[in-house]
Amino acid sequence: MTDVTNGVLHTLFHSEQGGHEQVVLCQDRASGLKAVIAIHSTALGPALGGTRFYPYANEEQAVADVLNLARGMSYKNAMAGLAHGGGKAVIIGDPEQIKTEELLLAYGRFVASLGGRYVTACDVGTYVADMDVVARVCRWTTGRSPENGGAGDSSVLTSFGVYQGMRAAAQHLWGDPSLRDRKVGVAGVGKVGHHLVEHLLAEGAQVVITDVREEAVRRVTERHPSVAVAPDTDALIRTEGLDIYAPCALGGALNDETVPVLTAKVVCGAANNQLAHPGVEKDLADRRILYAPDYVVNAGGVIQVADELHGFDFERCKAKAAKIFDTTLEIFAHAKKDGVPPGAAADRIAEQRMAEARAAR
C-alpha cells in the first residue's frame, strides 16, 4: 500500500497528469465497496463525470485510471460549454460478481458526503438502474431513468455526438460531411457503438464491426445482415479500404503497435483516453491520420446528464450535441493554423476556458 500511496502522491503533486483538487478513497467493508472519487477541477462549476465499475488488477491501476478520467472530464466539459468541472469515480471489482443494492447505496452516501462538489452518472459497468439506486441517498446523481425524474440512457446522444465528429472530420479531410459509401470500422458495439452503427447505416456508410462479446456482434448483425464482422480489433484496423476507425470500447486503443498498421484516414470514436501516451498523436499526424479528440466528440452523453440537473429536454440536448460538428471543425482549424495536432489544439482551448473561469472568481 505504501508504494501505491507514493505513486498517487507523485502523480497528484509532481506529474503533468496531476493537479487534481481532491481525491477520496472510499471503503465500506459491510458491502464490499472499494471506490475512488477524483475531482480534477471545479473552475467551471461542480465536477461532473460517471462512475466506472471495473475489475482492476490492483488498486494502483484503479487510481491511475480515475485520475486520467477525471482530468479528461475537465477538458470534455469545458469543450462542451458546460458549467461543470471534471470528476470521475471508479468502483473496484467485477460488477457481475459484487454489485449489490447495499454496495451502490454505500457508494451514493460517499458521493453525497462531498456536498455537491461531485455529480455522478453512468459509465462502464454502471447503468441507469444503478443510478436510480444511488439517487435514493444522493441528490447529486444523474443518468437516472425517466420514471425517476431522469433522462435515461445517455449513450443515445453520445453516439450522435461521435457521428457529428465523423461528419466534421469528413468535411475537413474530404470537403464533404457525407459518410455515404465511406467504410467505417467500429470496435465495440455495446452501449454506444451499436447506436453509432445505426447512424452510419442510415447515411449509407459501409460498416465493419468487432466486439469481444459475441452477443453484442449478433445483436447488430441480426438486425443488419449487411454489416461485416472482423474477428478482432487487430484485424479491423488492418481492413483494406477503411476510411474511418471508431474505437468505442476501453481506452488505450491507439498505441505504438496499432497506429503503424492503421489503414484508416480518420480516427473518431467514443472511447475515453484513446491515446496510450501523448506521443501517439504525433505518430498519427506523421502518418497523416486525422484524429478527432475523443473527449470532444464523445461529449453528447455528458451534455445529456448535465441537462438532467435542470429539467431534461431531449430536443434541447440533441441541438447542443449537434454543435459537436462545429466544435470539431473549430479544433481542426486551430490545429492547422497553429501547426499542432488536434488534441493539442483542443487542450489549449479547454485550458484557456478553465483559466479564464478561475481568474473571474
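Look a little higher up for the structure.
Just so it is clear, the structure is predicted and the values come from calculations on it, not from any experiment. (Residues numbered from 1 in each chain as written. Predicted model: local features only at pLDDT ≥ 70, side-chain atom pairs only at ≥ 80, totals over all residues. Heavy atoms only, no water.)

## Section: empty space enclosed by the protein
Evaluated as defined, the whole model comprises one cavity of 30 Å³ or more. Taken as a whole, the largest cavity encloses approximately 60 Å³ of empty space. Along the walls of the largest cavity sit N68, L69, G72, M73, K76, K88, N272, N273, D294 and Y295, which together make up its complete lining. Within the residue set of the lining of the largest cavity, elements represented by two or more residues are α2 (59-79) and α11 (294-297). No other element matches the five residues that α2 contributes to the lining of the largest cavity. (1 Å grid on protein atoms, 1.4 Å probe; cavity = no way out; pocket = protein on both sides within 12 Å on 5 of 7 lines; lining within 4 Å. Points joined across faces, edges and corners; volume = space filled by probe spheres on them. Helix = DSSP H or I, 4+ residues; strand = E, 2+ residues; numbered from the N terminus.)

## Considering the nonpolar core
Among the nonpolar cores identified, the biggest contains 45 residues, and M166, V186, L196, V197, L200 and I209 are the most heavily contacted of them. For this core, the element with the most residues is helix α6 (residues 155-174), which contributes seven residues. Setting aside its immediate chain neighbours within four residues, L200 contacts M166, L179, V184, V186, A205 and V207. Core analysis: the second largest hydrophobic core is formed by 22 residues, A89, I91, A106 and Y107 among them. (Core = buried A, V, L, I, M, F, W, Y, C linked by side-chain atoms within 4.5 Å. Buried < 20%, exposed > 50% of the residue type's maximum accessible area, 1.4 Å probe, protein only. Contact = heavy atoms within 4.5 Å.)

## Regarding the pairing of strand β2 (residues 33-41)
Here β2 lies mainly inside the structure; eight of its nine residues are buried. Where strand β1 (residues 22-28) and β2 come together, seven bridges link them in antiparallel fashion. The partner of Q27 across the bridge, within β2, is K34. Adjacent in sequence and paired antiparallel, β1 and β2 are bridged by four residues, among which G32 carries a positive phi angle near 90°. Of the strand pairs in this sheet, β2 and strand β5 (residues 85-92) are connected by six bridges, and their pairing is antiparallel. By the bridge assignment for β5, A35 is matched with I91. (Pairing = 2+ DSSP bridges.)

## Let's talk about the pattern of salt bridges
Tallying each qualifying case throughout the model produces 16 salt bridges. The residue R213 makes a salt bridge to D211 at a minimum N-O spacing of 3.0 Å. We classify D211 as buried; its relative accessible area is 15%. In this structure, the salt-bridge partner of K282 is D286, at a minimum N-O distance of 2.9 Å. Placement of both K282 and D286 in helix α10 (residues 279-286) is noted, with a separation of four residues, approximately one turn of the helix. Of the two residues, K282 and D286, neither departs from the other in class, the shared state being exposed. One connected set of salt bridges, linked through shared partners, spans R52, D65, K88 and D123. (Salt bridge = Lys/Arg side-chain N within 4 Å of Asp/Glu carboxyl O.)

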